[in-house]
Every structure is written in C-alpha cells, then in structure tokens.
Amino acid sequence: MKWERLTYTRAGKLIGLVVPLIVASSCSARARAFDPHDARAPLRLIRTIDLPNVSGRIDHMALDSDATHLFIAENGNGTVDDVDLTTGKVVGRISGLHEPQGVAWLPRQHEIAVTSGDGFVTFYGGLDRHTVAVINLGADADNVRVDGRNGELVVGYGSGGLAVIDPVAHEVIRRLALPAHPEAFELVAGKVFVNVPDAHKIVIADLDHGRVTETMSTGFSFGNFSMATNSTDSQVAIAYRKPSRVSVLNAHSGAPIFSRATCGDADDLYFRSSQLVVVCGSGNVELIDIKDERPAVDVTTQRGARTGILDAEKKHLFVAVPARQHSAAIWELSFAD
C-alpha cells in the first residue's frame, strides 16, 4: 500500500496526514468459515438470551463492572434492557426513549447513562433504574465512553461535537467541536481519536483542553463507523464499510501498520491481543490476526447482527441479533483459546 502523510491544523491549514492512495489487495486467501455451533469453531455459541417484545435496530451495549449485567440500547424499540447474565434473563427495562443509541455503566456512581437521538443524556440508578438526572445536548446524542482516568463521561453528539460530562454533578464541563457528527471514538490517555465519516476524516484531539490537534483524511475509504484501541493504547484500529476494510495505525505517530479486507457493514470492533474481532451486519464475526498473513477466520451469525461487546476477561463476545425471521436475542459466544 502506498501512503502519503499530510496533516491539518484545526483551522484547516495543510501540515500533513495519512491518506491511503492505493488500496492494496485484501488478504492472501479467503477467510475460513465456521458455523458457531461447530465444536471446532474458534468462537462458539454457548447461549441465546431472548429479548422479548423487541423490534427494530439494536444499537450499542455496555457491561457493568463485574460483567454480570448487560445493558442493551434497543434503538428501534425505544427501550434499554437490563440482562442478568447469571440467569440469562431480562430483569428490567427502561421504556419511552427516543432512539436510544449509546449506553454506559458508571462504576463509581453505580449509574447507567443512556444517550438518545433527541439529544438527551439520561442517568439512571443501576439497581432500580430510576431517573437520576437528564442533560440535553441539543441533538443526536450517540456514542459514549467513560474516561478511565477520572470517571468523566464523553458523549458524541449533534452535527459535530464531543461533550465531557461530570458524572457526579451531571453537567457538561467541556465541549470539543468537530467537522461533522462523530461516530466511534477512543480515549488514549489525554487524547481522543474520533471517526467522523460524513467528513471522511479521523480527528485526533486534546480532550483535556478541548482542541483538535490533527485531522486525517480517510482517502478512498468511507464509512469509518467503528474503532478500537489495544490494551497498551499503542494501536488504533478503524473498520470501513466502503470498501469493507480494517486498518491499524500507530496511536502515537498515526503511521499505518496493517490493512486487510473484512466482512461488510462493520459496526463494532475490538482488539483481543494481536487479534481483531470485527462484528458485521453482513452476518459474520471475523477474527483477523494482525501479526501474520494467515487467512481470517469467519464465524456466521445472523444478517443485521452488527453490534457486539467483548468481555475480554471471560473470553466472551455478546452479539445483538435483531428480530427478523426470529425474535430478537443476544448471542453469547465463547472463544476457544
């Protein structure tokens, strides 16, 4: 792959950034396909958790601190379900929401934060799900992350912004302007990497000072909705939808490390050691080793199941399967190694 490095200041002055000029051929061979019920599969289905009376698109999910509860933003249904993973049952539901999109567990407060398409961020008590506080960001409150350094909540919203929220006072303490609506973003120490697909950009910013430090064009790759960082915060992975491709960058320099074709309609992406776990709405979870050229491993799910969450400690992956031929459900999959 040939790359040209360009960079832009916040004002748009050209300084230098990573632009893929020629998209290299994907992988040396087609992915090996497995059925999740196959005992030889590297990712096996161990349980199906029913989501009663849930229709429409399912968006992001979150786990509590002990990974005993799973919270699911059911965008098309206007609900957030609380699943007790000990019993595998829905034990609570928050209803009456307008397009819930993001959900986060606040461990210090034992609260659930839910972001919605109408721009509201609502905080609920983790035990009984009573409303604690509401913040109106104006429009399209979407992806959400908890800053591990200080417990602050970071929310992407509107036509281009990140809001940093004090989860104790339940108030916005800082905002960061972006060129368009942010999708997935990752916090790396005091920096934030942000996918801004409508602007065909990846933005790097100083989160503590609320200013953009670098802007990277995605070149001929579009639909950069999902992003992940590895456990050492040294690498950032981005999955694109057109063409269906995943790329890995050095988190410090922005230099490209790895690029390969992947499954389509990717919406969630995770590092698992040197492996990438890509959750795709085309009906696949793809496992890609970024250290060698071995073919990827493809595990079949269901079409439209493009949202997932990884419990790395327990070696489990939860995939949200929307209601189509069957009722909505969560597939709990276990890694073989």
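Located above this text is the structure these notes cover.
What this report covers is the structure whose coordinates are included nearby. This is a predicted model, so every value here is computed, not measured.

Here we come to the sheet that holds strand S26 (residues 275–280). In space, the 5 strands of this open sheet follow the order S3-S28-S27-S26-S25, with mixed pairing throughout. A single partner strand is all that each edge strand has here, and the edge strands are strand S3 (32–34) and strand S25 (266–272). Strand-to-strand twist in this sheet, taken as the mean axis angle between neighbours without regard to direction, amounts to 20 degrees.

Time to look at the packing of aromatic side chains. Scanning the entire structure with this criterion turns up 1 aromatic pair. Its end group placed over the ring of Phe225, Arg241 keeps NZ or CZ at 4.0 Å from the ring centre. Note that Arg272 overlies the ring of Phe335, its terminal NZ or CZ placed 3.9 Å from the centroid.

Scanning all chains against the criterion turns up 15 salt bridges. Here Arg294 makes a salt bridge to Asp289, at a shortest N to O gap of 2.8 Å. Residue classification places Arg294 among the partly exposed residues on the basis of a relative accessible area of 48%. Judged by its relative accessible area of 18%, Asp289 is buried.

Strand order in the open sheet formed by 4 strands is S5-S6-S7-S8, with antiparallel pairing between adjacent strands. Each edge of the sheet is formed by a strand with only one pairing partner; in this case those strands are strand S5 (61–63) and strand S8 (89–94). Direction aside, the axes of adjacent strands within the sheet are offset by 20 degrees on average. The sheet contact formed by strand S6 (residues 69–74) and strand S7 (residues 79–84) spans 6 bridges and is antiparallel. In the sheet register, Leu70 faces S7, and the bridge partner there is Val83.

Residue position: Thr122 is located in strand S11 (residues 120–125). Residue classification places Thr122 among the buried positions, given a relative accessible area of 9%.

The bulk of non-glycine residues show a negative phi, and the bulk of peptide bonds are trans. With omega at -10 degrees, the peptide bond leading from Lys242 into Pro243 counts as cis. Relative to the elements of secondary structure, Pro243 occurs in the loop between strand S22 (235–241) and strand S23 (244–250). A positive phi angle, close to 60 degrees, is found at Arg129, a residue other than glycine. One non-glycine residue, Asp140, lies in positive phi territory at about 50 degrees.

Taken as a whole and judged by the stated rule, the model has 1 disulfide. The disulfide bridge from Cys263 ends at Cys280, spanning 2.2 Å between sulfur atoms. Where Cys263 bonds to Cys280 through sulfur, the torsion about that S-S bond is close to 70 degrees, and the disulfide is right-handed. Of this pair, Cys263 sits in the loop between strand S24 (256–261) and S25 while Cys280 sits in strand S26, placing them 17 residues apart in sequence. Side by side, Cys263 and Cys280 carry an identical accessibility label, which is buried.

Below, the discussion takes up the nonpolar core. One finds Leu70, Leu317 and Ile330 to be the most contacted residues of the largest nonpolar core, which totals 35 residues. When residues of this core are assigned to their parent elements, the largest contribution, 5 residues, is made by strand S30 (residues 316–321). In this structure Ile330 touches Arg47, Thr48, Ile49, Leu51, Met61, Leu70, Ile72, Phe318, Val319 and Ala320, once residues within four positions along its chain are discounted.

In terms of burial, strand S31 (residues 329–335) is a largely internal element, 7 of the 7 residues being buried. In S31, alternate side chains face the same way, and those of Ala329, Trp331, Leu333 and Phe335 on one face and Ile330, Glu332 and Ser334 on the other are all buried. Examined bridge by bridge, strand S4 (residues 43–50) and S31 share 7 bridges and lie antiparallel to one another. Bridge pairing in S31 links Ile49 to Ile330. Bridge count between S30 and S31: 6 bridges; the pairing is antiparallel. By the bridge assignment for S31, Leu317 is matched with Leu333.

Rules used in this analysis
Residues numbered from 1 in each chain as written. Predicted model: local features only at pLDDT ≥ 70, side-chain atom pairs only at ≥ 80, totals over all residues. Heavy atoms only, no water. Pairing = 2+ DSSP bridges. Helix = DSSP H or I, 4+ residues; strand = E, 2+ residues; numbered from the N terminus. Axes fitted to C-alpha atoms, helices over the stretch in contact; angles between N-to-C directions. Phe/Tyr/Trp six-rings, centres within 6.5 Å; stacked < 30°, edge-to-face > 60°. Lys NZ or Arg CZ within 6 Å of the ring centre and 35° of its normal. Salt bridge = Lys/Arg side-chain N within 4 Å of Asp/Glu carboxyl O. Buried < 20%, exposed > 50% of the residue type's maximum accessible area, 1.4 Å probe, protein only. Disulfide = S-S within 2.5 Å. Core = buried A, V, L, I, M, F, W, Y, C linked by side-chain atoms within 4.5 Å. Contact = heavy atoms within 4.5 Å.

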